[in-house]
Amino acid sequence: MSEDKPSMEWSPEAVRRQLKKTAAERAEGSVNAQVFFDESVSADYLPKAAERAITEAAARVGRSACVKVSRVHKLANSVSVIGDPDVIAELVTVSPVKTVLPSEIEDIYPKPTR
């Protein structure tokens, strides 16, 4: 069997570019994203793990923690966040974060043809 390889479209650098592009299009400059955690993080610990990851990512970027957790998705082992795109993009480098994806994704459906 072949090993699944992540799409380059969702690489950390591609996600960072997408978040910055979305922020530039908005007056407030904030973005929404989904932050997925390793299976080692229990569903009950997700809010606390997210806050710790945000604090660490903000310190690495050199900013205050200007990202807020808006919703916790226990079944997906993820949280929805809103805030600074640089801090959100940096979250992918923090353990136990598995990946970060933008909440708003363009063109996920095929375009109809005649």
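Let us look at the structure shown here. Sequence order as written defines the numbering, with residues in each chain counted from 1. Totals for whole chains, interfaces and linings use all residues, but because this is a predicted model, local features are given only for residues with pLDDT of at least 70 and pairs of side-chain atoms are given and counted only at 80 or more. Each side-chain value is derived from all of the structure's non-hydrogen atoms; neither hydrogens nor water enter the calculation.

What counts as a helix is a DSSP run of H or I of at least four residues, what counts as a strand is a run of E of at least two, and both are numbered from the N terminus. In terms of regular secondary structure, the chain is built from three helices and four strands. Counting only contacts in the chain whose residues sit at least 6 apart along the sequence, the fraction spanning at least 24 positions is 66%. Contacts between residues were defined by any pair of non-hydrogen atoms, one from each residue, lying within 4.5 Å.

This brings us to empty space enclosed by the protein. Each cavity reported here is a set of points on a 1 Å grid over the protein atoms alone in which a 1.4 Å probe fits but cannot get out, each pocket an open set with protein on both sides within 12 Å along at least five of seven lines, and each lining residue one with an atom within 4 Å of a point. Grid points are joined across faces, edges and corners, and a volume is the space filled by probe spheres set on the points. One pass over the structure, following the stated rule, counts one cavity of 30 Å³ or more. Of the pockets and cavities examined, the largest cavity occupies roughly 40 Å³. Contributing to the lining of the largest cavity are Leu 19, Thr 22, Arg 26, Val 31, Asn 32, Pro 102, Ser 103 and Glu 104. Sorting the residues of the lining of the largest cavity by element identifies helix 1 (12–24) and strand 1 (31–37) as the ones contributing at least two each. Under the grouping applied here, Gly and all other residues not named as nonpolar or charged are polar, the nonpolar ones being Ala, Val, Leu, Ile, Met, Phe, Trp, Tyr, Cys and Pro and the charged ones Asp, Glu, Lys and Arg. Considering only residue class, the lining of the largest cavity consists of three nonpolar, three polar and two charged.

Helix span, expected: 1.5 Å multiplied by one less than the number of residues in the helix. Between its first and last C-alpha, helix 2 (residues 46–61) extends 22 Å over 16 residues, near the 22 Å set by a 1.5 Å rise per residue. Those residues of helix 2 not exposed but buried are Leu 46, Ala 49, Ala 50, Ala 53, Ile 54, Ala 57 and Ala 58. Along the long axis of helix 2, the arc covered by the buried residues comes to 165°, so they all point the same way. The exposed residues of helix 2 that point more than 90 degrees off its buried face are Lys 48, Arg 52 and Ala 59. Lining the buried residues of helix 2 we find strand 1, strand 2 (67–73), strand 3 (78–83), helix 3 (85–90) and strand 4 (97–102). Once helix 2 ends, the next one or two residues include Gly 62, with phi positive near 90°. Note on exposure labels: buried denotes an accessible area under 20% of the residue type's maximum, exposed denotes more than 50%, and partly exposed covers the range between, all computed with a 1.4 Å probe on protein chains only. Regarding the arc, it is the one traced by the directions from the helix axis to the C-beta atoms.

Geometry only, nothing functional implied.
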